[in-house]
Amino acid sequence: MVDPGDYAAAEHGHGAAIKTSGPIGQISPALKSVWLEAFNDPVAGITAYTPCVHTCNLFGDGDNRLVIADEDRKLKVWKGTQKASEHQLLDTPVAICSFISDNSQPRLPALAVAAGSHIYVYRNLRPYSKFMLPSENVNTEEQDIWQKVMEGEIVIGDAVAQLTRLQDAGVVLQTRSLQLMNIGDPDAKMAFVEHWQGQPLVATTVITCMDIVKQAFDEPDAVSCLVVGTESGRILVINAAGTAVVKNIWVGITPAMIAVQGELDVGYRITVAGRDGKLYHIRNGELTQTIIQLEAQPVGLVRLQKHVAVGCMNDVIHAYQPTGRKSWSIYLPCHILAMQRMEVTSQRMTKALVVALSNGEVRVYNEKLLVSIHTVPNPVTALWFGRYGREDNTLITITKSGMLDIKMLPRTANLEAGAVGGGPPPEQEIPLAVPKKTRLYVEQTQREREQAADMHRTFQRDLAKLRLTTARAYVKVLTDGQGAAAFTTSTNLSLSLSVAGLGPRFRLSLLLRNEGTKQMLDVPVVLRADPALYSLGKTQFVIPLLVPGLQYTFEIPVTALDPLQGTDNVTVLLLAPGGSSSSAPLLQATIKMPMSEPEDV
């Protein structure tokens, strides 16, 4: 989930045609919105994110309600254009899902609300059951410390010191221990220990994300199970009744989002987007070795027909196959706020992707083809696509201002590539005007066939000569000191120069390495440049010590006195160390200074 920041609202109205930017230097044709306006309530007062918005047939009457788990700890139910009811929640919700728990008739879905370390299950919008996550294993040393503190065997100060050593050793301490370590007042520490007197140390965790997996059949009314991700880095699969854990998969990284494909009894895959910016894949209850390192932190994870699409903070959507291979990427003009799967139940059964951007655009992509754009006046916080009321294809949008917007997809809408003018350009179907084969072309081809070996041998000989000439020229530049890099075998020194900056102030970097086996003391360095063009920060200095095998970096400020006078070279000379009888420089390197930008006034 992403909390969108403020941005300048787009000036386009609903359904307006918008020109969108494609690849650099290419403008795609104007696209129109394919949606029909159904309902808009700008003062709905909703504060929720995408995982907390859901539609389901709560009462079995075929009329799907909109259920929103609001941040103010209320479960809000909408029917049609009116708010039907509100129900108080015990904790701040994280995600909601609906699932079928048994094969009894009529098949009424149960509503699961994940909040804290509990899953609250509702039937007919009435509390039905509560499932608490199993406790984690507590470190035995930490548990022994608390036991000794409560029995009075050690003082609180020694206990805090031992807990600090455990934390420094890499042990993940429980919340109770961290709270004790953060208390500074000795009396407050004593009161804190007395508050927990007699209560065992228990490791609890919380839910971070939730989804469902079908039990045996991929049908809308098939029995399904809940899949939850926990703060402790586990993926738990709960049975259909919601009473016990049937799969406990250790990932090791806290999951931020999950995407589930397949059936539990047949074969399933779970893609996990971790907080470390990586994608993990679980196949039939086993964590695979396929780990994908993303370019940036993920902000959305959606399962498509053959791919898993993940949106990143660097404004890119990547699509990966179940094997971990990337299929395509979509580069967007601004930040991604929300993503949602769009499964259109029509003759073509299209599975598209809905993306809300920070510039107010809500885009629809079929694979990587943009098929629809419309705008909203405020940043989007939540998206949901599914059946609402008796309409199969409905897009529900919630904005940061609390607005509720509902749009419907016409039954005649076509999101295929050919319907929106996408795909390859029409010029691709025009055959190239290939010239006819002339007599000269035929004779040349025949000569190449007959003399292929000789031609290849001549080419390889000329290529070897070119490589030899290049190597000789490079060695000559290094030994003569006329380039930005230099090397000498007499003292085993290597020097390279580089310039950073746009001007008129530059930074000249000297990279010096002693390649020999003996150290060198008091090595003078002299810099030369045209005084009419450049002012050097220092023209000479002495290097006290050059240890063999280490690379030394020296930075010299260089100022272009008049950028309009052109450029010149800067030469760096390494002279013989103090006490040497030779006056010839050990090493020389020259670098061409770049053109300088004029200094802003």
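Residue indices follow the written sequence of each chain, beginning from 1 at its first position. At least 70 in pLDDT is required for a residue's local features to be given in this predicted model, at least 80 for side-chain atom pairs to be given and counted, and no such filter applies to totals for whole chains, interfaces and linings, which use all residues. The side-chain figures draw on all heavy atoms in the structure; neither hydrogens nor water molecules are used.

As recorded by an unreviewed UniProt entry, the protein carries the name Bardet-Biedl syndrome 1 N-terminal domain-containing protein and is attributed to Volvox reticuliferus.

A. Structural context of the pattern of salt bridges. Note on definitions: salt bridges are taken to be side-chain nitrogens of Lys or Arg within 4 Å of carboxyl oxygens of Asp or Glu. Under the defined criterion, the tally for this structure stands at 18 salt bridges. One salt bridge in this structure joins K76 and D70, with 3.1 Å as the shortest N-O distance. When salt bridges that share partners are traced, they join E37, D405 and K407 into one network.

B. Focus on helix α3 (residues 175-182). Along α3, the residues classified as buried are R176, S177 and L180. Projected onto a plane normal to the axis of α3, the buried residues spread over an arc of 100° and lie on a single side. For α3, the exposed residues lying more than 90 degrees away from the buried face are T175 and N182. Where the residues of α3 are buried, they touch α1 (140-151), α2 (156-168) and α4 (186-195). Burial classification: accessible surface area is computed with a 1.4 Å probe over protein chains only, and a residue below 20% of its type maximum counts as buried, one above 50% as exposed, and the rest as partly exposed. By the criteria applied, helices consist of DSSP H or I runs no shorter than four residues and strands consist of E runs no shorter than two, each listed in order from the N terminus. It is the directions from the helix axis to the C-beta atoms that the arc portrays. Contacts are assigned to residue pairs with any non-hydrogen atoms lying within 4.5 Å of each other.

C. Looking closely at the sheet that holds strand β22 (residues 336-344). Two strands form a pair only when DSSP identifies at least two bridges running between them. The strand order across the open sheet built from 4 strands is β22-β23-β24-β25, with neighbouring strands paired in antiparallel fashion. Both outer strands of the open sheet, β22 and β25 (369-375), are each paired with one neighbouring strand and no more. With direction set aside, neighbouring strand axes in the sheet form an average angle of 20°. Where strand β24 (residues 361-366) and β25 come together, 6 bridges link them in antiparallel fashion. To obtain each axis, a line is fitted to C-alpha atoms, and for helices this fit is confined to the stretch in contact; angles are then taken between N-to-C directions over 0 to 180 degrees.

D. Representation of unusual backbone geometry within the structure. For D315, which is not a glycine, the phi torsion comes out positive at approximately 65°. Turning to its location among the elements, D315 is positioned in the loop between β19 (308-312) and β20 (316-320). In the Ramachandran plot, D522 falls in the positive-phi region, its phi being about 50° despite a non-glycine side chain. Along the chain, D522 falls in strand β32 (residues 520-528).

E. Region of the structure containing the pairing of strand β31 (residues 505-514). As defined by bridge partners, strand β30 (residues 493-500) adjoins β31 across 8 bridges and the pair is classed as antiparallel. In the sheet register, L495 faces β31, and the bridge partner there is L512. Where β30 folds back on β31, the antiparallel hairpin that results is connected by 4 residues, among which G501 adopts a positive phi of roughly 120°. For β31 and strand β35 (residues 551-560), the ladder comprises 9 bridges, and the chain directions are antiparallel. When the sheet's bridge partners are listed, L508 is paired in β35 with I556.

F. A look at the sheet that holds strand β7 (residues 110-115). Overall, antiparallel pairing links the 4 strands, which are arranged β6-β7-β8-β9 in an open sheet. Among the strands making up the open sheet, the edge pair consists of β6 (93-99) and β9 (126-132). Put simply, the sheet's adjacent strands are angled 20° from each other on average, direction ignored. As judged from the 5 bridges shared by β7 and strand β8 (residues 118-123), these two strands associate in the antiparallel manner. Bridge pairing links A114 to I119 in β8.

G. Representation of the packing of aromatic side chains. Planes of paired rings set the category: under 30 degrees apart is stacked, over 60 is edge-to-face and the rest tilted, where pairs are Phe, Tyr or Trp rings (Trp by its six-membered ring) whose centres lie within 6.5 Å. The tally for this structure, following the rule as stated, stands at 4 aromatic pairs. Centre to centre, the rings of W35 and F385 are 6.1 Å apart; their planes meet at 65°, and the pair counts as edge-to-face. Pair noted here: W35 is in the segment before β1 (36-41) and F385 is in strand β26 (residues 380-388), with a separation of 350 residues, a long-range link. An identical accessibility class is assigned to W35 and F385; each is buried. Seen from their ring centres, W146 and F192 are 6.5 Å apart, and the 55° between their planes marks the pair as tilted. In this pair, W146 sits in helix α1 while F192 sits in helix α4, placing the two residues 46 residues apart along the sequence. Since its relative accessible area comes to 3%, W146 is described here as buried. Relative accessible area serves as the criterion here: at 13%, F192 is assigned to the buried category. Among the aromatic residues, ring-to-ring pairing joins W146, F192 and W196 into one connected group.

H. Spatial organisation of the packing of α1 against α3. Contact pair α1 / α3: the axes reach a minimum separation of 11 Å and the direction vectors enclose 60°. With respect to each other, α1 and α3 are oriented oblique. With respect to the hand of their crossing, α1 and α3 are arranged in left-handed fashion. Residue-level inspection shows E142, W146 and M150 of α1 in contact with α3, the latter providing R176, S177 and L180. Ten residue types, Ala, Val, Leu, Ile, Met, Phe, Trp, Tyr, Cys and Pro, are classed as nonpolar, four, Asp, Glu, Lys and Arg, as charged, and the remainder, Gly among them, as polar. When the residues that make up the contact of α1 with α3 are grouped by side-chain class, the tally is 3 nonpolar, 1 polar and 2 charged. Here the word oblique covers every angle except those under 35 degrees (roughly parallel), over 145 (roughly antiparallel) and from 65 to 115 (roughly perpendicular). Should the near helix be turned anticlockwise from the far one by less than a right angle, the crossing is termed left-handed; should it be turned clockwise, right-handed.

I. Molecular detail of the side chain of H318. Relative to the helices and strands, H318 resides in strand β20. A polar contact of 2.7 Å, which involves the side chain of H318, links it to the side chain of S329. Two N or O atoms form a polar contact when they lie within 3.5 Å of each other; inside protein one atom must be a possible hydrogen donor and the other a possible acceptor, and for residues adjacent in sequence the pair counts only when both atoms belong to side chains.

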